[in-house]
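Fold and contact review
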Amino acid sequence: MSEAQLKNTGAERSRSLEEIFEQRIVNDEKIEPKDWMPEKYRKTHIRQISQHAHSEIVGMLPEGNWITRAPSLRRKVALLAKVQDEAGHGLYLYSACETLGVSRDELYDQLHSGKAKYSSIFNYPTITWADMGAIGWLVDGAAIINQVPLCNTSYGPYARAMIRVCKEESFHQRQGFEIMMSLCNGTEVQKQMAQDALNRWWWPSLMMLGPTDDVSVHTAQSMKWKLKRKTNDELRQQFIDQTVPQADILGLTVPDPDLKWNEETGHYDFGEIDWEEFWQVVKGHGPCNKERMNDRVGAWERGTWVRDAAMAHAEKQQIKKENQAKAV
Amino acid sequence: MEKNWPLWEIFVRSKNGLEHRHFGSLHAADAEMALENARDVYTRRSEGVSIWVVESKNITASNPENNGEMFEPAQDKIYRHPTFYTLPDEIKHM
Ligand SMILES: [Fe+2]
Ligand SMILES: [Fe+2]
Ligand SMILES: [Fe+2]
C-alpha cells in the first residue's frame, strides 16, 4: 500500500470510530475513561471539568473571608460546612478530570499560571455579612441551574460527580436565603444591607450563566455531547423567572428598572447586561482577580513543606515495614 | 515540591448489607491519609460505614477495545437463562 493509501485507511477508521462514538451519545450511552473518544471530546471535557473544579476551589475564598466573623455559632457552622462542601466539589471534579489522562499537578499549574479560567463571579469582593446571604441565594442558585442538566451529561465520571454536587448544593442556597430573610426581617439598617448585597450580586449572577447565545462559541458542539442541555439564554431566563418572586418575598427590589412580567411570553423581560464588565473580569481586570490568585498560589506554596514532609514520612514508614518483613 | 502524592481509588459501603462501591479517587501520601481524606471528601453526610482505599496503580482494568472477546461469548449462551426453557402454563412455583 502506498503511504497515501495507508493514511486514507487510517482516516477512514477514525471516521467510523467517531461515527460509532457519536451514535453512542445519541443513544444516551455513557462514555467511560478507557473508551475510545475523539481528541476534541477529551480536550473539551478537560477544559470544562477543570474550569468547573477551579471555580469550586477559588469559590471558597470570598466566603472563607467571613467564617471567623459569622454573627452566630449557627451561621458559623453552616458557612464552614458550605465552604468545606465546595472543597469537596472541587475534589470530585479534579478526580473526574484526571480520568481523562491529565495530572492534578498540570491542572493546578494551569490555574496558578492563569492559563485556566474559573467562574468570574468569584472576582467580586464580599464586603458585608449580607454578601454571604446573596452568594448562597444567587450564586449557588445560578450554579444549580447550570449544574442540574450536567447530571445527565455523556461522560460518566463527570455525570457521577455532578450528581453528588447537586445533592449538596440545595443546602447552600437555602442557608443563603435564610440569611437574607433574617436581615430583611431585622432592623432597617440590616434590610438595607441585604438590598445592597442584592444590588451588587444581581448582575454578576446573571453573567454567570454565560455569554448570550449569539456569541457563545461552544454551544452547538456542547449540546451534541450533552455538556449542555439548554442554551445560556434559556438558563438565564429560568434563573430570573424563579428568582424574582423570591426577591418579592424578601421585600427586596431587583436592581433592574426594565424588569417586568410579560403576560404574553410567561417570562420576565429584563434589561441590558453590561457584557463589557463581564469580559473585563474574565480578562483579569475584575476587582479581586489578583487577590484571589495571590491567596490561592500563596496557600499552595506555603503548603509545599507539609506535602513534602507527608511524602517523606510515608516513604520512611514503607521502608520500615519492608525491613521488618525481611527480619521475620 | 519533590514528589506528588499518589492517587487512590475510594470504595465506600453505604450501609451494612450492601457492597463497597467505587466513589471516586483522591491524592494522599499513604493509605492512612487516604482513609482520612476519603472520610472528609466522600462521607460528610453519613454516606458510609466502611471505606476501602486502593492505590490506583494497583488496579488492573480490562480494555474496552477487547470487549468483544471478553464479553460477547456470553451473549449466545441463552441457555444460561431461565426463560430459555419452555414449560406448560399450568406449572406453578418454577
Ligand atoms: Fe459547589
Ligand atoms: Fe458548583
Ligand atoms: Fe455551593
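See the structure shown above.
These figures come from a predicted structure and were not determined experimentally. (Residues numbered from 1 in each chain as written. Chains lettered and ligands numbered in written order. Predicted model: local features only at pLDDT ≥ 70, side-chain atom pairs only at ≥ 80, totals over all residues. Heavy atoms only, no water.)

**Quick word on the nonpolar core**
- Core analysis: the biggest nonpolar cluster contains 98 residues, and A:Trp201, A:Trp202 and B:Leu26 have the highest contact counts within it.
- If we skip the residues at most four places from it in the chain, A:Trp201 touches A:Ile121, A:Tyr124, A:Pro125, A:Thr126, A:Asp131, A:Ala134, A:Ile135, A:Leu138 and A:Val139. (Core = buried A, V, L, I, M, F, W, Y, C linked by side-chain atoms within 4.5 Å. Buried < 20%, exposed > 50% of the residue type's maximum accessible area, 1.4 Å probe, protein only. Contact = heavy atoms within 4.5 Å.)

**Points about unusual backbone geometry**
- Although it is not a glycine, A:Lys226 sits at a positive phi angle of roughly 65 degrees.
- Mapped onto the secondary structure, A:Lys226 falls in the loop between helix 9 (219-224) and helix 10 (232-250).
- The backbone of B:Ser46 shows a phi angle near 55 degrees, a positive value even though the residue is not glycine.
- Positionally, B:Ser46 belongs in the loop between helix 1 (31-42) and strand 3 (50-55). (Helix = DSSP H or I, 4+ residues; strand = E, 2+ residues; numbered from the N terminus.)

**Re the interface of chain A and chain B**
- Contact residues are listed per partner, giving 23 residues for chain A and 22 residues for chain B.
- Roughly 2,000 Å² is buried in total at the junction of chain A and chain B, and carbon and sulfur atoms are behind 53% of that figure.
- When residues of chain A are sorted by the area they lose upon contact with chain B, A:Lys34, A:Arg164 and A:Met311 head the list and together hold 26% of the total.
- For the interface between chain A and chain B, the tally reads 5 salt bridges.
- One salt bridge connects B:Arg44 with A:Glu168, and the closest N-O pair in it is separated by 2.9 Å.
- Seen at the junction of chain A and chain B, the total is 11 residue pairs in polar contact (both at pLDDT 80 or more).
- Looking at the side of chain A that touches chain B, the elements that each hand over two or more residues are helix 4 (73-98), helix 5 (104-112), helix 7 (156-184) and helix 13 (304-327) of chain A.
- Looking at the side of chain A that touches chain B, the element that brings in the most residues is helix 13 of chain A, giving 8 residues.
- Among the residues making up the side of chain A that touches chain B, the classes are represented as 7 nonpolar, 5 polar and 11 charged. (Buried area = accessible area lost by both parts, 1.4 Å probe. Salt bridge = Lys/Arg side-chain N within 4 Å of Asp/Glu carboxyl O. Polar contact = N/O pair within 3.5 Å; in protein donor to acceptor, adjacent residues only side chain to side chain. Nonpolar A, V, L, I, M, F, W, Y, C, P; charged D, E, K, R; others polar.)

**Considering the pairing of strand 1 (residues 7-13) of chain B**
Residues and elements named next belong to chain B.
- In terms of residue burial, strand 1 counts as a mostly covered element, since 5 of its 7 residues are buried.
- Where strand 1 lies against strand 2 (residues 20-27), 7 bridges are found, and the strand directions are antiparallel. Within strand 2, the position partnered with Val-12 by the bridge is Arg-21.
- Counting the residues between successive antiparallel strands, the hairpin from strand 1 to strand 2 contains 6 residues, one of them, Gly-17, with a positive phi of roughly 100 degrees.
- Pairing of strand 1 with strand 3 involves 6 bridges; the strand directions are antiparallel. Residue Val-12 lies in a different strand from strand 3, and its bridge partner there is Ile-51. (Pairing = 2+ DSSP bridges.)

**Points about the coordination of the iron ion (ligand 1)**
All names here are of chain A.
- The iron ion (ligand 1) binds to the protein through Glu-56 (OE), Glu-86 (OE), His-89 (ND1) and Glu-169 (OE); the donor distances cover 2.0 to 2.4 Å.
- What the 4 donor atoms of the iron ion (ligand 1) show is an angle range of 84 to 147 degrees at the metal, which sorts the shape as irregular.
- In this structure, the iron ion (ligand 1) lies 3.2 Å from the iron ion (ligand 2), and both are coordinated by Glu-56. Of this pair, Glu-56 sits in helix 2 (residues 39-58) while Glu-86 sits in helix 4; the two residues are 30 residues apart in sequence, bridging distant segments of the chain. (Donors = N, O, S within 2.8 Å, 3.2 Å for Na, K, Ca; no water. Tetrahedral: all angles 85-135°; square planar, octahedral: opposite > 155°, others 65-115°.)

**Quick word on the pattern of salt bridges**
Residues and elements named next belong to chain A.
- Per the counting criterion, the structure on display carries 24 salt bridges over all chains.
- The shortest N-O distance in the salt bridge between Glu-178 and Arg-74 comes to 2.5 Å. Of this pair, Glu-178 sits in helix 7 while Arg-74 is found in helix 4, placing the two residues 104 residues apart along the sequence.
- In this structure Glu-178 comes out as partly exposed when scored by relative accessible area, which is 27%.

**Brief notes about the packing of helix 2 of chain A against helix 4 of chain A**
Residue and element names in this part refer to chain A.
- For the pair helix 2 and helix 4, the least separation of the axes is 7 Å and the interaxial angle reads 160 degrees. Comparing the axis directions of helix 2 and helix 4 gives the class roughly antiparallel. In the packing of helix 2 onto helix 4, the handedness of the crossing is left-handed. Residues Ile-46, Ile-49, Ser-50, His-52, Ala-53, His-54, Glu-56 and Ile-57 of helix 2 form the contact with helix 4, whose participating residues are Glu-86, Ala-87, His-89, Gly-90, Leu-93, Tyr-94, Ala-96 and Cys-97. (Axes fitted to C-alpha atoms, helices over the stretch in contact; angles between N-to-C directions. Parallel < 35°, antiparallel > 145°, perpendicular 65-115°, else oblique. Left-handed = near helix turned anticlockwise from the far one by under 90°.)

**Describing the packing of helix 5 of chain A against helix 12 (residues 289-302) of chain A**
All names here are of chain A.
- Contact geometry for helix 5 and helix 12: axes closest at 10 Å, N-to-C directions at 145 degrees. When helix 5 is examined against helix 12, the residues Asp-105, Tyr-108, Leu-111 and His-112 are found in contact with a partner set consisting of Met-293, Arg-296, Val-297 and Trp-300.
- Grouping the constituent residues of the contact of helix 5 with helix 12 by class yields 5 nonpolar, 1 polar and 2 charged.

**Considering the coordination of the iron ion (ligand 3)**
Residues and elements named next belong to chain A.
- Around the iron ion (ligand 3), the protein supplies Glu-86 (OE), Asp-140 (OD), Glu-169 (OE) and His-172 (ND1) as donor atoms, at distances of 2.0 to 2.2 Å.
- Around the iron ion (ligand 3), the 4 donor atoms sit at angles spanning 83 to 167 degrees, and that spread fits a shape best called irregular.
- All donors of the iron ion (ligand 3) belong to a single chain; written as a sequence motif, their spacing is E-x53-D-x28-E-x2-H.

**Points about the side chain of A:Asp241**
Residues and elements named next belong to chain A.
- Along the polypeptide, Asp-241 turns up in helix 10.
- An unpaired buried charge is present at Asp-241: no salt bridge exists, and Lys-230, the closest side chain of opposite charge, is 9.7 Å distant.
- Looking at Asp-241, its side chain comes within polar contact range of the side chain of His-267, at 2.4 Å.
- Ignoring any residue separated from it by four or fewer positions in sequence, one finds Asp-241 in contact with Gly-266, His-267 and Tyr-268. (Lys, Arg positive; Asp, Glu negative; His and termini not counted.)

**Some words on the sheet that holds strand 2 of chain B**
All names here are of chain B.
- The strand order 2-1-3 describes an open sheet built from 3 strands, whose pairing is antiparallel. Of all strands in the sheet, those with a lone pairing partner are strand 2 and strand 3, marking the two edges. Geometrically, the sheet is characterised by an average inter-axis angle of 25 degrees between neighbouring strands, direction not taken into account.
- Of the strands in this sheet, strand 1, strand 2 and strand 3 are in contact with helix 1, which crosses strand 2 at around 110 degrees.

**Observations concerning helix 13 of chain A**
- Under the 1.5 Å per step criterion, the end-to-end length of helix 13 of chain A is 35 Å for 24 residues, consistent within 8% with the ideal 34 Å.
- Residues of helix 13 of chain A that are buried include every one of A:Thr304, A:Arg307, A:Asp308, A:Ala310, A:Met311 and A:Ala314, and no others.
- Of the surrounding elements, those touching the buried residues of helix 13 of chain A are helix 12 of chain A together with helix 1 of chain B. (Expected span 1.5 Å × (residues − 1).)

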